[in-house]
Amino acid sequence: MTVAVVQFGGSNCDRDAVRALSHLGVNAERVWHEDGLPADADGIVIPGGFSYGDYLRAGAMAAHSPIMGAVRDAADDGVPVLGVCNGAQIGCEAKLTPGAFTTNASARFQCEYVHLRVENADTPWTAAYEAGEVVSVPIAHGEGRFEIDDGRYDDLVDDDRILFRYCDADGAVTDDANPNGSKGNVAGILGERETVAVLMPHPERASLPDLNRSVDGQGILRAFA
Amino acid sequence: MTTYTATVTVRLKRGVLDPEAETTKRALERLGFDLEALRSADRFEVDLEADSASAATDRADEMAERLLANPTIHDYDVEVSEPE
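Rules of the game
- Residues numbered from 1 in each chain as written.
- Chains lettered and ligands numbered in written order.
- Predicted model: local features only at pLDDT ≥ 70, side-chain atom pairs only at ≥ 80, totals over all residues.
- Heavy atoms only, no water.
- Helix = DSSP H or I, 4+ residues; strand = E, 2+ residues; numbered from the N terminus.
- Rg over C-alpha atoms; globule rule 2.2 N^0.38 Å.
- Buried < 20%, exposed > 50% of the residue type's maximum accessible area, 1.4 Å probe, protein only.
- Lys, Arg positive; Asp, Glu negative; His and termini not counted.
- Charge placed at Lys NZ, Arg CZ, Asp CG, Glu CD.
- Pairing = 2+ DSSP bridges.
- Axes fitted to C-alpha atoms, helices over the stretch in contact; angles between N-to-C directions.
- Contact = heavy atoms within 4.5 Å.
- Buried area = accessible area lost by both parts, 1.4 Å probe.
- Salt bridge = Lys/Arg side-chain N within 4 Å of Asp/Glu carboxyl O.
- Polar contact = N/O pair within 3.5 Å; in protein donor to acceptor, adjacent residues only side chain to side chain.
- Nonpolar A, V, L, I, M, F, W, Y, C, P; charged D, E, K, R; others polar.
- Patch = residues over 30% accessible without salt bridge, like charges linked within 9 Å, V, L, I, M, F, W, Y side chains within 5 Å.
- Areas by Shrake-Rupley, 256 points an atom, 1.4 Å probe, with all protein chains shown as cover.

Participant: For the overall build of chain A, give the residues involved together with the corresponding values.
Facilitator: Counting its regular elements, chain A contains 6 helices and 11 strands. On C-alpha atoms alone, chain A measures out to a radius of gyration of 16 Å, which is about the 17 Å that the 2.2 N^0.38 rule sets for 225 residues. Counting only C-alpha atoms and orienting by the principal axes, one finds that chain A spans roughly 45 × 35 × 30 Å. In chain A, which comprises 225 residues, the share counted as buried stands at 58%. Separation between the mean location of the 17 positive side-chain charges and that of the 35 negative ones in chain A comes to 5 Å.

Participant: I'd like to hear about the sheet that holds strand 3 (residues 74–81) of chain B, residue by residue, with values.
Facilitator: Residue and element names in this part refer to chain B. Spatial ordering of the open sheet is given by 2-1-3, a layout of 3 strands whose pairing is antiparallel. With one partner strand each, in any of the chains shown, strand 2 (41–50) and strand 3 form the two edges of the open sheet. Neighbour-to-neighbour, the strand axes of the sheet open up by a mean angle of 20°, direction not taken into account. Sheet topology places strand 1 (residues 2–12) next to strand 2; 10 bridges connect them, and they run antiparallel.

Participant: How would you sum up the interface of chain B and chain A? Please name residues and give values.
Facilitator: The partner chain A presents 16 residues to the 14 residues of chain B that form the contact. Contact with chain A buries surface across chain B, with Pro19(B), Leu67(B) and Thr72(B) losing the most and accounting together for 39% of the total. Summed over the shared surface of chain B and chain A, the result is 0 salt bridges. Connecting chain B to chain A are 6 residue pairs in polar contact (both at pLDDT 80 or more). Of all elements in the fold, only helix 1 (19–30) and helix 2 (53–68) of chain B reach the threshold of two or more residues within the side of chain B that touches chain A. Its residues assigned to classes, the side of chain B that touches chain A shows 8 nonpolar, 4 polar and 2 charged.

Participant: For unusual backbone geometry, give the residues involved together with the corresponding values.
Facilitator: Residue and element names in this part refer to chain A. Here the phi dihedral of Asp-54 falls at roughly 60°; this positive angle occurs in a residue that is not glycine. By secondary structure assignment, the location of Asp-54 is in the loop between strand 3 (43–46) and helix 2 (60–63). Phi is positive for Asn-185, which is not a glycine, with a value near 60°. Here Asn-185 lies in the loop between strand 9 (162–167) and strand 10 (186–190).

Participant: Describe a nonpolar patch on the surface, listing the residues and the values that go with them.
Facilitator: Residues and elements named next belong to chain A. Judged by side-chain polarity, Tyr-52, Tyr-55 and Met-61 come together as a nonpolar surface patch covering roughly 300 Å² of accessible area. By the secondary structure assignment, Met-61 is in helix 2. Its relative accessible area of 31% is what places Met-61 among the partly exposed residues.

Participant: Can you lay out the environment of Ala69(B) for me, pointing to particular residues and giving the numbers?
Facilitator: Tracing the backbone through its elements, the reader meets Ala69(B) in the loop between helix 2 and strand 3. Note on Ala69(B): relative accessible area 4%, which makes it buried. Each C-alpha atom, one on Ala69(B) and one on Leu12(B), is 9.2 Å from the other, the two residues being 57 residues apart in sequence. With residues up to four places along the chain from it excluded, the contact list for Ala69(B) reads Arg57(A), Val10(B), Ala64(B), His74(B) and Tyr76(B).

The quantities given are spatial measurements derived from coordinates; they are silent on function.
If you want it as structure tokens, here you go:
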């Protein structure tokens, strides 16, 4: 298994993703977007950062870069694809996943540990957890408020495509525990295939025992193991 | 072919929270201004060559659909003007 971590100008979590995956025994390498997707990539991470300086909207420019066509083809072939933070914004802008991540309700950049409740443990990204389990993973974003129209939100709920919701330490999904005003406290969702996922929190920043306060993010990355 | 200017205005759909506009409104109120509401929008001015105004409008519409706006959260409108 070689996971391609796609690096755009302005990506800044690509090395962290490679290091966290390597720690889990997953072979991962950074791939510069202009070099195209390696034919043998059997996993793809779109990492966090500020691709293209967040011009127009976070993720809008990278979503239309040529490599994203190859990412979409790979996703359609069942290759696991994970978008984290800016990668989640890119995923939604590229329509790999529905909805949009836009300006936090606070209008501020927020960098903090949050609690997430596992909504659906029957996916590659959450198989390491129990449904209802509370995990601790950091966020770092200014545009992480999940927005989607009511009809498509209901479809996500009905189809069990919500992976995580922001919650308090006891697992209660409340407005106070919602760091950015996301609809339904949604922190991460699945695409049309369960092998495609995006989330605003950073699992790669909660994976290394010597560096990170929590290693709860490991379970998400184990989808690639 | 004529050179047209297509003005694409992109704004959040009604009902979608605009925290930056809210912050701007509060800042205006701190300066002593009296206002009921404030909405912000992005305006793009695109110069393009086209056979007709309607062809220019169609192309600018597609630009908005595919990149300038995000249909999940935005409405947009397009106005095309000919050079004076």
